[in-house]
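Tertiary structure, described
Here is what each chain is made of, one letter per residue.
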Amino acid sequence: MPTPAQIDEQIALEREQIRQGLERLRDNTIKLQDKEYASASVYGCSSIQELLPKAIEQIKDTAARAKRGMVGKDFAVIKRYLAGIEPEAAAAIACKVTFDKVFSSKQKANQLQNVTDAIGKAIEDECTIRHYETNCPGLLHVLKENYWHRSIGTEQKVVVIKTLMKRYEVKHWEPWGISNRIKLGGWLLDCIIRASGWFDKELVREGRKTPQFIVPTPEFLEIRDEVMATAELFSPLAWPMLIEPNDWTNERQGGYILNEVMKGYDMVRRSAPCLIQGETPITFLNHIQKVAYTLNPFIVDVAETLQERGIAIGKFVPVVELPLPNKPLDIAENFESRKDYRRTAADVMNINAQQFKRSCRTRMTMNAVKVFKGREKFFIPWSFDYRGRAYPIPAFLTPQDTDFGKSLLLFAEQSLMTYEAEDWLRFQVATTAGKDKETMEDRLNWTLHNHALITRIATDPIGNLSDWEKIDEPWQFLAACHEYYHTCILCDRNYTNLPVAVDATCSGLQILAGLARDASTAKLVNVLPSEKPQDAYKVIAEVAKPNTPESIRPFMDRKTTKRTVMTVPYNAKPFSNRGYIREALKEKGVEVEKEDLTATVNAVRGAMNVIVPGPMAVMKWIEREVGNAIDRGEQEIQWCTPSGFIVTQRLMKPIVETIELQLLGRCQIKVATEKGDKVDKSHHKNATAPNLIHSLDASLLHLSAIRFNAPLALIHDSVLCRATDMGILSAIVRETYMHLFAEQDYLTNWAKQIGAESEPPIIGTLNPESVIESTYFFC
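Throughout what follows, the structure given in this document is the object of discussion. (Residues numbered from 1 in each chain as written. Predicted model: local features only at pLDDT ≥ 70, side-chain atom pairs only at ≥ 80, totals over all residues. Heavy atoms only, no water.)

**What to know about helix α16 (residues 419–432)**
- Spanning 14 residues, α16 covers 20 Å between terminal C-alpha atoms, matching the ideal 20 Å at 1.5 Å per step.
- Taken as a whole, α16 has its buried residues at Ala 421, Trp 424, Leu 425, Arg 426, Phe 427, Gln 428, Val 429, Ala 430, Thr 431 and Thr 432.
- The inward-facing, buried residues of α16 abut α17 (440–448), α18 (451–459), α19 (474–489), β9 (495–496), β10 (500–503) and α28 (726–742).
- Remark: Gly 434 follows α16 within two positions and exhibits a positive phi of approximately 100°. (Helix = DSSP H or I, 4+ residues; strand = E, 2+ residues; numbered from the N terminus. Expected span 1.5 Å × (residues − 1). Buried < 20%, exposed > 50% of the residue type's maximum accessible area, 1.4 Å probe, protein only. Contact = heavy atoms within 4.5 Å.)

Shown next, in the form of structure tokens:
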């Protein structure tokens, strides 16, 4: 039990999280307004989302009246410039610019002429890029790929594209002129004012002049204040805790001490708040919250050194700000010199802006490290998603962080080394080094044969960066090398507390194999015992190869099929399969024709029907039965998992229109102000199989974790514990899978829960008890 002093310290920390969260929200809002990006603020986004449908209707209505001659003479000019853009696009741009200008902190930004000119210019910029899209789409695509993401704002993007198009002598864009831009912008602004009632024109006396300004109405200011007040409730930063989190119950909020008062975090995210969950899932959630962690001082020291030196490794990206070039002495009178300086300075500013964005997560992680550095231990509050999967509430210093974030964690509770622990540490070193597809014996031998490499890295990581920086998971490899060196090579430490991870082998197919009792699939995904790890991706690639175009056959290997095979159990469709296979071939330097790509996708999916028949049949059956349930009038699909977690899948169809803008990207516009009341049948059919799989792999871990009495962490279908405990945990996971699918016919049970009209396609060739002997079920 925590002492009163510890509770007070935790409450002080949570209040500091609230203070910093509020400060960050308010600072971000002010910064956005300073940069004329109020449309990206919390109140800007929500307000524009509500305003857009009304603004679109107003523009359409006004344009319709213009055809009947019921608007002013300027509309003849306006109509010409609106011809190249849809009402939806014009409304989206005009709303954005209006919010940016009206709420800008820059002096006179909201003056009527400035607002209308800015709206007109934004419309012209969009039409300019569309002009180039029509006249030279190939060149525009290349220029976007090479220059677009280097630019720090939409205005610079337009300047860059115009300049380069001129260089390539593309048909010139005829500028509209400020007068026409103001007429167009003024007309669109009036549409927004009439549609919303949120803005007024106000005369302000300035000496002899009385210019007009656009100001928000008192009604809108009330809306803005309400939106910001709501946002502030959810703004606190989420950090780990200094004491054990409060237990969750069906009646009380758990996690943070102040959560019971604030109610900022629910036990089940995106689910019905009053849903009663079973005892086992809640026991599981409270169990994993009691695991204590501490920072890995070795990793912290390395990270701080690299941060000081501005060296990026993997997901660790410190801020490295390049200095602006010195201004040439003749910049005032020499046009070429001035032009060269501006170009060079713009390049530096673009690089710095991109670097600052890329370093965001690293900066926030290192800020959290400062808070918990030197702490003997801390705890992580967890909650469920609506399928029953557990997620940490904090965003940093958790087992589900990036490679760098994970490497910072050690279990606070240490355990004495054993001979078995040495093997599991060897396994961790080799696995994080990229040997995760090798046999257990090969992984252990790789580590034994690379003691010199491990020693170099563990004793001088900065001096030997080239030995570990290019590895896929460099930071976890570094942490594993350090742990192994001190416990197994130098042997100056007889305890270990490094989290060692084992993963399910293609967990989607493992779960579906159990549901269908399909032995052939179970063997391919290591549910059944074998001397070496089975590779479903490779087998499917070999079977698909004869049916692929001849030009593709030399490149058909596990890497080409992996993402497709991995995602098909989660209902990935041929369209997304195409993207995965195209990318895999592109990495091999192969550009594939459209027809060949289609043939390859069909070959892979056809091979899966042959190689994993049970899972493919189960998914088709689920899709059909869920469609039948929706046709019967069901509003939601609900089921109870073997651990007692209640999954509620409610998917309604919002009424939206999607528009593609060249400068602002893809925008989704709600046509109705509320969500549609129509059940999204297609979404239900596509989502149910993945959600059932996720709920069952979550259930497997619920039932396993409550039997495990040592520190434990989770990453979806991966488990982490100390090397001394991995043998016990692996056995518990295998036993739980066996009980899950051997002692009950869950698919038949699930069919009854959803009112299925036909029997599930159970093959019946699998004996789940065999998983007990499988070395590679989780590895």
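**Thoughts on the sheet that holds strand β3 (residues 292–295)**
- Reading across from one edge, β4-β3-β7 is the order of the three strands in this open sheet, with antiparallel pairing throughout. The open sheet terminates on both sides in strands that have one partner only, identified here as β4 (378–379) and β7 (409–411).
- Direction of pairing for β3 relative to β7: antiparallel, over a ladder of three bridges. Looking at the pairing, Thr 294 lines up with Leu 410 of β7. (Pairing = 2+ DSSP bridges.)

**Digging into unusual backbone geometry**
- For Cys 491, which is not glycine, the phi dihedral falls at a positive 60°.
- Within the element layout of this structure, Cys 491 appears in the loop between α19 and β9.

**Some points on the state of the cysteines**
- According to the stated counting rule, one finds zero disulfides in the structure shown.
- Note on Cys 136: no disulfide assigned, nearest cysteine sulfur contributed by Cys 127 at a separation of 16 Å. (Disulfide = S-S within 2.5 Å.)

**Observations concerning the packing of helix α22 (residues 536–544) against helix α25 (residues 594–611)**
- Remark: α22 packs on α25, axes separated minimally by 8 Å, with the N-to-C direction vectors making an angle of 115°. Considering their axes alone, α22 and α25 lie roughly perpendicular with respect to each other. Crossing of α22 against α25: the hand is right-handed. Contact with α22, carried on its side by Val 539, Ile 540, Val 543 and Ala 544, involves Ala 603, Val 604, Ala 607, Met 608 and Ile 611 of α25 and no other residues of that element.
- Class assignment of the residues belonging to the contact of α22 with α25 gives a composition of nine nonpolar, no polar and no charged. (Axes fitted to C-alpha atoms, helices over the stretch in contact; angles between N-to-C directions. Parallel < 35°, antiparallel > 145°, perpendicular 65-115°, else oblique. Left-handed = near helix turned anticlockwise from the far one by under 90°. Nonpolar A, V, L, I, M, F, W, Y, C, P; charged D, E, K, R; others polar.)

**So, the sheet that holds strand β15 (residues 713–715)**
- Strand order in the open sheet made by the three strands is β10-β16-β15, with antiparallel pairing throughout. For this open sheet the edge positions go to β10 and β15, each flanked by a neighbour on one side alone. Strand-to-strand, the axes of this sheet are offset by a mean angle of 25°, without reference to chain direction.
- Bridge count between β10 and strand β16 (residues 718–721): four bridges; the pairing is antiparallel. Across the sheet, residue Ala 501 finds its bridge partner in β16, namely Leu 720.
- Lying over the sheet, α28 contacts β10 and β16, oriented at roughly 150° with respect to β16.

**Observations concerning the pairing of β16**
- Here β16 shows no split at all, with Ser 718 and Leu 720 on one side and Val 719 and Cys 721 on the other all buried.
- Of the pairings in the sheet, the one linking β15 to β16 comprises three bridges and is antiparallel in character. Note on β16: the bridge partner recorded for Ile 715 is Ser 718.
- Where β15 hands over to β16, the hairpin turn is made up of two residues, of which His 716 adopts a positive phi near 60°.

It is worth stressing that arrangement in space is one thing and function is another; only the former is reported here.
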